[in-house]
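Remarks on the overall topology
Below, each chain spelled out in residue letters.
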Amino acid sequence: MSDKLRMSGGEALIKALERAHVEVMFGLPGGAILPVYDPIIDSSIRHILVRHEQGAGHMAEGYAHATGRPGVAMVTSGPAATNIVTPLCDAFLDSVPMVCITGQVPLAAIGTDAFQECDTTGITMAVTKHNFLVTEAQDIPRTIRAAFHIATTGRPGPVLVDIPKDIVDPVNPRSVMTWYEATDADMDLPGYHPLTQGDPELIRAAAQLIQTAQRPVLYVGGGILKSRAAEALLELAEMLQIPVVTTLMARGAFPDSHQLCLGMPGMHGNYTAVMAMQESDLLISLGARFDDRVTGKLDGFAPEAKIIHVDIDPAELGKVRKVDVGIQGDCRLVIEDLCAALRELGGAVTPEARRAWRSTLSGWQEKFPLVYEQSEPGHKLKPQYVLEELRDNNPDDTILASGVGQHQMYASQYWRFNHPYTWINSGGLGTMGFSIPAAIGAKVGKPDRRVWAVDGDGCFQMTAQELVTASVENVPIKVALLNNSYLGMVRQWQEMFYDERFSEVYLSENIPDYVKWSEAMGCVGIRVESPEEVAPAITKANAINDRPVVIEFRTDPRENVFPMVPAGKTNSELLVDPSQEHLRR
Amino acid sequence: MSNPDRFHTIVTIVENKPGVLARVAGLFARRGYNIESLAVAPTNEERFSRITFTVDVESAPLEQVVKQLNKLINVVEIRELPPSECVSRELMLVTVKADSRDRRELMELIDDWRAYVLAENTKKIMLSFSARTARLDEFEECLKPFGIVEMQRTGRVALPLLS
Ligand SMILES: Cc1ncc(C[n+]2csc(CCOP(=O)(O)OP(=O)(O)O)c2C)c(N)n1
Ligand SMILES: [Mg+2]
């Protein structure tokens, strides 16, 4: 690679992406980014043409969630850049590695309110891990290398690279550059040195706390998946025989079928997971961030628990809850060191008291399982039943991508997650419309795996057009659309906390016609209204692999998600399913 | 500025690049922290700028501010300087009314405080005064009765004590 190769900035950009091992990107061209679209024709990179830039962003996220590799999106300036702000924020809050390339007006036009100019780096400053405005074609290779480095190391996140048109346009002399293979030294990031190894003394202190705890819980968040620590976690949990809760971001990080798994805690977590944290005397938080949806009212959260907090982002340690031992580091490395430290201390001890703890937990599990009432013949389907059937008629390694709302909570509650990277959802931002594009991104990244999107009727109407992308690009995802004709989650809050005064939550039962709409987008559309049709429809959908399939399940609009910790209440005030209420003193 | 210990100084070394100040200031705004004062200039190494903030530690958890600042890619180094561990100064330029009636009184004040006269005419005097922030506050109070025409304070700058 020593021979000097002159090329345009646009060619260099695509070449730099190839060098970053990008195999696919999601995008949509326009004026400012046009010169970069020309070299794509000759590139090894597959480009997936989306129908809306929000779709490109969520596809990149879905791809990253499923593969662990950074997702890449490329869009033009102005309205395209603003259209991708939502996925950037989504990726920022859920720490998803992603690189977004945006076109920008020529350098000389910046600041003049030129056509399709917007201050993209200004707008996205608060929703990206970092962003760059490149001003010289010669800087393109090193900036792209830096962008991927920042997106994928430390706490992962979205990085945006804004590219003025003149530095990529071959007709402009400013675009001429001499290609070079950018190295780490070229990145010039004097302020960026993420630490990955935990402090051995703190790890020893953590091990000692663990040895003496009587009611310990492993509180596992999305960081376990980001650090590829699922195996290490399994070893730690089994060695210590400590129960595990997996947050909404961490479903699948520890197998639901494992006897130590308590499932999901939080606002719609199951009784045992919520109460185990609440009554614990030691929370071992691994890659989790004490989100308010997990802690409930902070004052009353796990009042007796000491806290061990492991996170790669030092700003998370003690941000929300004071820690007793805070360890900055990569979860996988810290867990491995912790296992070693525990072995040094003579291996796991099981204080007598822990037996009582285990039996308390299994008592709760027996008393307060997730429940719902099956529908009467002739009535609307129960969404929980649809999820159970979906779970039971698909292999364990199926990837499930969810929208946001009641259906998301049912999916997390009723699916059985036994493998990491099988659950893709929008946790931090709660972005309606996430599931279909995210599922497409996941399927592109994992073409041999079955990918289902679980969506609500409200969410579906926000991003359904990406099913056109899926059809045309031959990405055969499957969609389970739970049509309850409502913005169900909002309806639930209005029912419970606003005296059943329903304001602007009814969508419509029959408009749009989801089957026709799906067919118009090149998918197979199926409508299911009664319980006995559910499994056969899923089986039918699973047999179709040459195009996307949408099954519209007509579900009961009156169904609410339980358990529930009402907003602003402590986790001890958890509301169980009405049928279980009499079991709580 | 009632309790001087409330105000801590954070010194950050940042890359001297366009937009870096916006990132830093934006972070304060977005996390709900108030900046009491701010001084920015390139360091002796031109790649870097030094930003000195004064923040009210009673209104914001300093540890979070520092940790969040540290996450900014362009921030190279951060140091917290509690009042007892640094020397700090602030500079004030101020134009004060000075007609013949109380001009003498004002000149005495300027002398007492060791302020410098930068310019004067029959109606006004322009002064420069540099000291600790609290002294600037006091001097400002003394000038008020004469009538302050215009004033600019630089915000606090600080260096750690010699060790
Ligand atoms: C973009 C966006 N707008 C609004 C909301 C607020 N919100 C949360 S859940 C929800 C209802 C979702 O409706 P639907 O997709 O039908 O799902 P359901 O709750 O009925 O299962 C709304 C409006 C949101 N999370 N995201
Ligand atoms: Mg709905």
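So, how was this worked out
- Residues numbered from 1 in each chain as written.
- Chains lettered and ligands numbered in written order.
- Predicted model: local features only at pLDDT ≥ 70, side-chain atom pairs only at ≥ 80, totals over all residues.
- Heavy atoms only, no water.
- Helix = DSSP H or I, 4+ residues; strand = E, 2+ residues; numbered from the N terminus.
- Rg over C-alpha atoms; globule rule 2.2 N^0.38 Å.
- Contact = heavy atoms within 4.5 Å.
- Areas by Shrake-Rupley, 256 points an atom, 1.4 Å probe, with all protein chains shown as cover.
- Lys, Arg positive; Asp, Glu negative; His and termini not counted.
- Charge placed at Lys NZ, Arg CZ, Asp CG, Glu CD.
- 1 Å grid on protein atoms, 1.4 Å probe; cavity = no way out; pocket = protein on both sides within 12 Å on 5 of 7 lines; lining within 4 Å.
- Points joined across faces, edges and corners; volume = space filled by probe spheres on them.
- Nonpolar A, V, L, I, M, F, W, Y, C, P; charged D, E, K, R; others polar.
- Donors = N, O, S within 2.8 Å, 3.2 Å for Na, K, Ca; no water.
- Buried < 20%, exposed > 50% of the residue type's maximum accessible area, 1.4 Å probe, protein only.
- Near = heavy atom within 4 Å.
- Polar contact = N/O pair within 3.5 Å; in protein donor to acceptor, adjacent residues only side chain to side chain.
- Patch = residues over 30% accessible without salt bridge, like charges linked within 9 Å, V, L, I, M, F, W, Y side chains within 5 Å.
- Salt bridge = Lys/Arg side-chain N within 4 Å of Asp/Glu carboxyl O.
- Domains from an automatic or database assignment.
- Buried area = accessible area lost by both parts, 1.4 Å probe.

1. Notes on the overall build of chain A
Counting its regular elements, chain A contains 23 helices and 20 strands. Against the globule reference of 25 Å for 585 residues, chain A gives a C-alpha radius of gyration of 25 Å, in line with a compact fold. By principal-axis analysis of the C-alpha atoms, chain A measures approximately 75 × 65 × 40 Å. Taking contacts inside chain A between residues at least 6 apart in sequence as the whole, the part at least 24 apart equals 74%. In the form shown here, chain A has an accessible surface area of approximately 22100 Å², with 50% of it arising from carbon and sulfur atoms. Both charge centroids of chain A, one from 51 positive and one from 73 negative side chains, sit 3 Å from each other.

2. Some words on the layout of surface pockets
The gaps left among the atoms become clear once a water-sized probe is rolled over them. Its boundaries defined by the atoms lining it, the second largest pocket holds a volume of some 810 Å³. The wall of the second largest pocket is formed by 34 residues, among which A:Lys129, A:Asp313, B:Asn70, B:Lys71 and B:Leu72 lie closest to the centre. Those elements that place two or more of their residues in the lining of the second largest pocket are α5 (85-93) of chain A together with α1 (20-30), α2 (62-71) and β4 (75-81) of chain B. A per-class count over the lining of the second largest pocket returns 15 nonpolar, nine polar and ten charged.

3. Some remarks on the coordination of the magnesium ion (ligand 2)
Expected angles at a metal are 109.5 degrees for tetrahedral coordination by four donors and either 90 or 180 degrees for octahedral coordination by six donors. Residues and elements named next belong to chain A. Within the protein, Asp457 (OD), Asn484 (OD1) and Tyr486 (O) serve as the donor atoms for the magnesium ion (ligand 2), at 2.0 to 2.1 Å. Motif for the magnesium ion (ligand 2), donor spacing along one chain: D-x26-N-x1-Y. With Asp457 in helix α19 (residues 457-463) and Tyr486 in the loop between β18 (478-483) and α21 (488-497), this pair connects stretches of sequence that are 29 residues apart. Here Asp457 and Tyr486 have matching classes, each one buried.

4. So, the site of ligand 1
Residues and elements named next belong to chain A. Taken together, 16 residues are adjacent to ligand 1, and Gln406, Asp457, Gly458, Cys459 and Gly488 come closest. One of the side-chain N or O atoms of Asp457 is found 2.7 Å from an oxygen atom in ligand 1. Asn484 has a polar side-chain atom sitting 2.9 Å from an oxygen atom of ligand 1. Expressed as a share of its isolated accessible area of 590 Å², the protein-covered part of ligand 1 is 75%. Mapped by element, the contributors of at least two residues to the shell around ligand 1 are α17 (406-414), α19 and α21. Across the shell around ligand 1, the residue classes break down as seven nonpolar, eight polar and one charged.

5. Description of empty space enclosed by the protein
Residue and element names in this part refer to chain A. A full pass over the atoms with the stated rule returns two cavities of 30 Å³ or more. Put simply, the largest cavity is a space of about 40 Å³. Taken together, Val371, Gln384, Tyr410, Gln413, Tyr414, Glu559, Asn560, Val561, Phe562 and Asp577 make up the lining of the largest cavity. Take the lining of the largest cavity: its biggest share by element is three residues, from α17. Its residues placed into classes, the lining of the largest cavity shows five nonpolar, three polar and two charged. Its volume calculated, the second largest cavity comes out at about 40 Å³. The wall of the second largest cavity is formed by Pro369, Leu370, Val371, Phe562, Pro563, Asp577 and Gln580. Here the lining of the second largest cavity is composed, by residue class, of five nonpolar, one polar and one charged.

6. Brief notes about a nonpolar patch on the surface
A grouping of B:Leu91, B:Leu93, B:Tyr116, B:Leu118 and B:Met126 is seen on the molecular surface, where their side chains present a nonpolar patch of about 470 Å² in accessible area. Counting only elements with at least two residues in the nonpolar patch, the list comes to β5 (86-97) and β6 (116-120) of chain B.

7. Some words on the environment of A:Pro35
Residues and elements named next belong to chain A. Here Pro35 lies in helix α2 (residues 34-40). Judged by relative accessible area, which is 10%, Pro35 ranks as buried. For the pair formed by Pro35 and Ala305, sequence separation is 270 residues and the distance between their alpha carbons is 57 Å.

8. Regarding the domain arrangement of chain A
All names here are of chain A. For chain A, the domain assignment lists domain 1 (3-187), domain 2 (200-367) and domain 3 (383-554). Domain 1 and domain 3 are separated by 30 Å when their C-alpha centres are compared. Both sides of the domain 1 and domain 3 interface together cover about 2000 Å² of buried area, and 64% of this is carbon and sulfur. Across the domain 1-domain 3 interface, the total number found is one salt bridge. Its salt-bridge partner being Glu473, residue Arg46 comes within 3.9 Å of it at the nearest N-O pair. Linking domain 1 with domain 3 are eight residue pairs in polar contact (both at pLDDT 80 or more). Per-element tally for the side of domain 1 that touches domain 3: the top contributor is helix α3 (residues 53-67), with ten residues. Within the side of domain 1 that touches domain 3, the residues separate by chemical class into ten nonpolar, nine polar and five charged.

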